[in-house]
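# Summary of structural features
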Amino acid sequence: MHAFSREWWLGIVTGTLLIVTFVGPRTTTAIMLIVLLAALAERVVRPSLSRRPEFTNSLVLSIAAFAAWALVSAIWSPAPWNSLLKPVFLMLAATGVCFAIRSVSVASKAEAHYLGEGALTALIIGYLLVAIEILSDQIITRTILTAFPDLYANIQKHVTVAADGTVERVTVANLNRRMAFLVWLFWPMTLLLLNDPSKIRRWVAIAALGFGASVIIIFGSHQSSQIALAGGIVVFGIAWLSQRATRVAIVGMWCAAVLLAVPMALLIFQTDLHKADWLFKSARHRVVIWGTAAEEVMTSPLIGVGADATKKAMKKSAPERRRNRHKKRDLGQFESGYANHAHNVYLQVWYELGALGALLFLAIGLMALRIISGLTESLRPAALAMFATTSLLIAFSYSIWQTWFISAFGLSLVIFAIAARKRHFRIADEASNQGRSA
């Protein structure tokens with residue numbers, strides 16, 4: 001392994017692209033498409049290699065069926081272009097992830113080493129960057145925007161500027177996206193640092209991950225990421241004790257989350273949690289939004305209102321609700337529960353794609369868990385924890401159709417595959433060394 005080799009540059013590019021996503025998470029959309037093109041190019045350059053997984057595997061087919069149903073929903077959707085374009089992007093991203101993982105599966109030892117080294121270095125920088133931004137009220141972002149005002153020309157509502165041109169405050173929207181992405185990458189980073197041959201980089205990575213994750217959980221402004229990361233860590237610990245029991249429990253919770261999303265949302269609202277003073281305001285508002293979305297599911301429970309059509313469908317429904325006084329509910333301090341999206345993917349799938357979409361979404365999770373059960377024993381705890389982290393994150397925030405969100409998750413899966421490939425070579429080296437010593 002030599003500096004400035006082709007593999008070395010591959011690692012540099014990987015690290016650079018990841019750092020770009022940490023600075024601006026919305027760039028993950030474009031980077032996901034770059035990954036797709038790069039993986040296609042690798043397939044053309046080396047056509048004879050035996051790659052995995054197969055395109056006909058159950059998970060890919062489940063995602064394809066879900067996306068196809070979402071496309072069909074454009075027929076009755078009040079936002080037909082959204083219902084067409086977002087599922088198309090989902091399929092492009094899924095194809096890119098599959099192609100990239102297939103390329104990683106045939107990466108040489110040198111390629112795996114530098115891909116992992118580049119990703120791990122970028123993750124060290126990412127966790128430190130976000131930790132500093134959280135603790136300093138985004139001093140790095142404020143300094144950059146003060147120096148280059150053109151950067152916030154199109155996001156004026158997110159920036160508060162003093163009379164002298166100094167950026168005094170930036171909303172946490174972009175910082176929250178960074179946290180969500182890094183929470184997903186916690187598990188690939190854990191695998192990467194455990195299998196890194198450099199003791200110095202390994203300990204630096206452990207310190208950065210421990211410091212960054214602690215800051216996110218204790219001081220972070222994105223409660224959804226905090227819950228997802230904490231839940232994933234708990235699952236990881238339990239999985240080390242009993243993988244089978246953990247997998248069975250997660251299967252049960254996944255089925256319950258998808259199939260019972262509507263009655264659970266209604267029950268939570270009826271318990272008046274949105275009036276609980278001990279609960280932070282954004283959580284109380286989530287309860288109101290969930291209750292509203294769950295009630296709106298009943299307008300089209302079988303086929304839904306259309307993929308990514310929540311915003312328009314809710315706007316249409318809101319005045320009708322106001323006219324029906326007998327349906328008025330006590331929302332506490334909140335004026336309305338109508339939102340641009342449900343802030344809960346399980347509810348969003350029910351509302352937009354109906355029971356048929358929910359069943360297809362259920363299949364995606366079950367097929368993913370089936371693939372996890374086929375991984376090596378040493379990889380399964382991290383994979384189960386990543387699944388739990390994802391399940392919790394989508395339960396509280398963002399829309400399933402946000403392209404940066406889809407891309408961030410896809411890139412996390414690719415980095416996980418890189419970590420797994422690097423671990424494969426480490427185990428092979430250890431076995432070889434033991435054979436020689438014997």
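Structural data are supplied above this passage.
Figured I'd write up the structure that's included with this text. Residue numbers here run from 1 along each chain, matching the order of that chain's written sequence. Under the rules for a predicted model, residues below a pLDDT of 70 receive no local features and side-chain atom pairs below 80 are neither given nor counted, while totals for whole chains, interfaces and linings still include all residues. Side-chain calculation: all heavy atoms of the structure are included, whereas hydrogens and water are not.

A few words now on the overall build of the chain. To qualify as a helix, a DSSP run of H or I must reach at least 4 residues; to qualify as a strand, a run of E must reach at least 2; elements of each kind are numbered from the N terminus. Across its full length, the chain carries 16 helices and 2 strands. In this setup the radius of gyration rests on C-alpha atoms only. A globule is expected at 2.2 Å times the number of residues raised to 0.38. Taking 2.2 N^0.38 as the reference for a compact globule, 438 residues should give roughly 22 Å; the C-alpha atoms of the chain span a radius of gyration of 23 Å, in line with that estimate. C-alpha extents for the chain along the principal axes are approximately 80 × 55 × 45 Å. A buried classification covers 51% of the 438 residues belonging to the chain. Contact definition: two residues touch when any of their heavy atoms are within 4.5 Å. The contacts of the chain with a sequence gap of at least 6 include a subset with a gap of at least 24, amounting to 80%. Only the protein chains shown count as covering a residue, and every accessible area follows the Shrake-Rupley method with a 1.4 Å probe. About 20600 Å² of surface is accessible on the chain, with carbon and sulfur atoms providing 67% of the total. Accessible area is worked out with a 1.4 Å probe on protein chains only. A residue is then buried under 20% of its type maximum, exposed over 50%, and partly exposed in between.

Moving on, we come to the packing of helix α5 (residues 109-135) against helix α6 (residues 139-147). Where α5 contacts α6, the axes come no closer than 7 Å and their chain directions differ by 85 degrees. Classified by the angle between their axes, α5 and α6 sit roughly perpendicular to one another. Contacts between α5 and α6 involve Leu129, Ile132 and Glu133 from the first element and Ile139, Ile140 and Thr141 from the second. Of the residues assigned to the contact of α5 with α6, the class counts are 4 nonpolar, 1 polar and 1 charged. Interaxial angle, 0 to 180 degrees, is taken between N-to-C directions of lines fitted to C-alpha atoms, where a helix line uses only the stretch in contact. Just so you know how the angles are binned, under 35 degrees is roughly parallel, over 145 roughly antiparallel, 65 to 115 roughly perpendicular, and the rest oblique. Under the scheme applied here, ten amino acids are nonpolar (Ala, Val, Leu, Ile, Met, Phe, Trp, Tyr, Cys and Pro), four are charged (Asp, Glu, Lys and Arg), and all others, including Gly, are polar.

This paragraph deals with the packing of aromatic side chains. Between 30 and 60 degrees the pair is tilted, below 30 it is stacked and above 60 it is edge-to-face, where a pair is any two Phe, Tyr or Trp rings, Trp via its six-membered ring, whose centres lie within 6.5 Å. Enumeration according to the criterion identifies 18 aromatic pairs in this entry. Considering the side-chain rings of tryptophan 8 and tryptophan 9, the 4.8 Å spacing of their centres and the 85 degrees angle between planes classify their relative orientation as edge-to-face. Relative to tryptophan 404, the ring of tyrosine 398 lies with its centre 5.0 Å away and its plane at 90 degrees, an arrangement referred to as edge-to-face. On the basis of relative accessibility, which here comes to 11%, the residue tyrosine 398 falls in the buried class. One aromatic cluster is present, formed by Phe66, Trp254, Tyr346, Phe361, Phe387 and Trp401 through successive ring pairs.

Another point: the pairing of strand β2 (residues 167-170). Here the rule is simple: two strands pair whenever DSSP picks up at least two bridges between them. Taken together, the 3 bridges between strand β1 (residues 159-161) and β2 define a ladder with antiparallel strand orientation. For valine 159, the partnering residue across the bridge sits in β2 and is valine 170. The turn linking β1 back onto β2 is made up of 5 residues, and glycine 165 within it adopts a positive phi angle of 95 degrees.

Attention shifts here to unusual backbone geometry. Comment: phi is negative for the bulk of residues other than glycine, and the bulk of peptide bonds are trans. Cis peptide bonds are those with omega within 30 degrees of zero, and the linkage from arginine 52 to proline 53 qualifies with 5 degrees. Residue placement: proline 53 occurs in the loop between α2 (28-45) and α3 (58-72). Unusually for a residue other than glycine, aspartate 137 sits at a positive phi of about 55 degrees. If you trace the backbone, aspartate 137 turns up in the loop between α5 and α6. Of the residues examined, aspartate 137 reaches a relative accessible area of 44% and is grouped as partly exposed. Backbone geometry places tyrosine 398, a non-glycine residue, at a positive phi of 65 degrees. Along the chain, tyrosine 398 falls in the loop between α15 (380-396) and α16 (403-437).

Time to look at helix α14 (residues 345-373). Given 3.6 residues to a turn, an α-helix orients residues that are three or four positions apart in the same direction. Multiplying 1.5 Å by the residue count of a helix minus one yields the expected span of that helix. Here α14 spans only 24 Å end to end across 29 residues, well under the 42 Å set by a 1.5 Å rise per residue. At leucine 353, α14 shows its maximal kink, close to 130 degrees. Where α14 begins, one side-chain oxygen reaches toward the backbone nitrogen of tyrosine 346, 2.9 Å away; that side chain belongs to asparagine 344. Bending is quantified residue by residue as the angle between axes fitted to the seven-residue window ending at that residue and the seven-residue window starting at it. Whenever two N or O atoms come within 3.5 Å, that pair is a polar contact, provided that in protein one can donate a hydrogen and the other can accept it, and provided that, for residues adjacent in sequence, both atoms are side-chain atoms.

Here we come to the environment of serine 105. Mapped onto the elements of the fold, serine 105 is located in the loop between α4 (80-104) and α5. The class of serine 105 is partly exposed, set by a relative accessible area of 23%. Taking C-alpha positions, serine 105 is 6.7 Å from arginine 421, a pair spaced 316 residues apart along the chain. With residues near it in sequence (within four places) discarded, serine 105 still touches Arg51, Arg52 and Arg421.

The next point concerns the pattern of salt bridges. Side chains that differ in charge, positive against negative, can pair when their charged atoms come close. Put simply, a salt bridge is a Lys or Arg side-chain nitrogen that is within 4 Å of an Asp or Glu carboxyl oxygen. The final tally for this structure, using the stated rule, is 10 salt bridges. Arginine 6 is paired through a salt bridge with glutamate 7; the nearest N and O atoms lie 3.5 Å apart. A relative accessible area of 54% means that arginine 6 is categorised as exposed. Owing to a relative accessible area of 18%, glutamate 7 belongs among the buried residues under this scheme. Here the salt bridges do not stand alone but share partners, grouping Arg6, Glu7, Glu42, Arg46, Arg51 and Glu111 into one network.

In this structure, arginine 421 sits in helix α16. Just so you know, the count uses Lys and Arg for positive and Asp and Glu for negative, and it drops His and the chain ends. Buried charge without a partner: arginine 421 forms no salt bridge, and the closest opposite charge is glutamate 111, 7.3 Å away. Engagement of the side chain of arginine 421 in a polar contact is seen with the backbone oxygen of serine 105, the distance being 3.2 Å. Sequence-distant contacts of arginine 421, that is, excluding residues within four places in its chain, are made with Val104, Ser105, Val106, Ala107 and Ala112.

This part covers a positive patch on the surface. Each patch groups residues whose relative accessible area exceeds 30% and which form no salt bridge, using 9 Å between like charges and 5 Å between nonpolar side chains of Val, Leu, Ile, Met, Phe, Trp and Tyr. To locate a charge, take atom NZ for lysine, CZ for arginine, CG for aspartate or CD for glutamate. A contiguous patch of positive charge, built from Arg26, Lys157, Lys311, Lys312 and Lys315, is present on the exposed surface. Relative to the elements of secondary structure, arginine 26 occurs in the loop between α1 (6-23) and α2.

Now for the nonpolar core. Here the nonpolar core consists of buried residues drawn from Ala, Val, Leu, Ile, Met, Phe, Trp, Tyr and Cys, with membership extended through side-chain atoms lying within 4.5 Å. Counting 112 residues, the largest nonpolar core has Phe22, Phe66, Met189, Tyr346, Leu347 and Phe361 as the members making the most contacts within it. Once residues within four sequence positions are removed from consideration, leucine 347 is found in contact with Ala261, Val262, Ala265, Trp290, Ala293, Ala294, Val297 and Ala342. With 5 residues, the next largest nonpolar core counts Tyr152, Val159, Val167 and Val170 among its residues.

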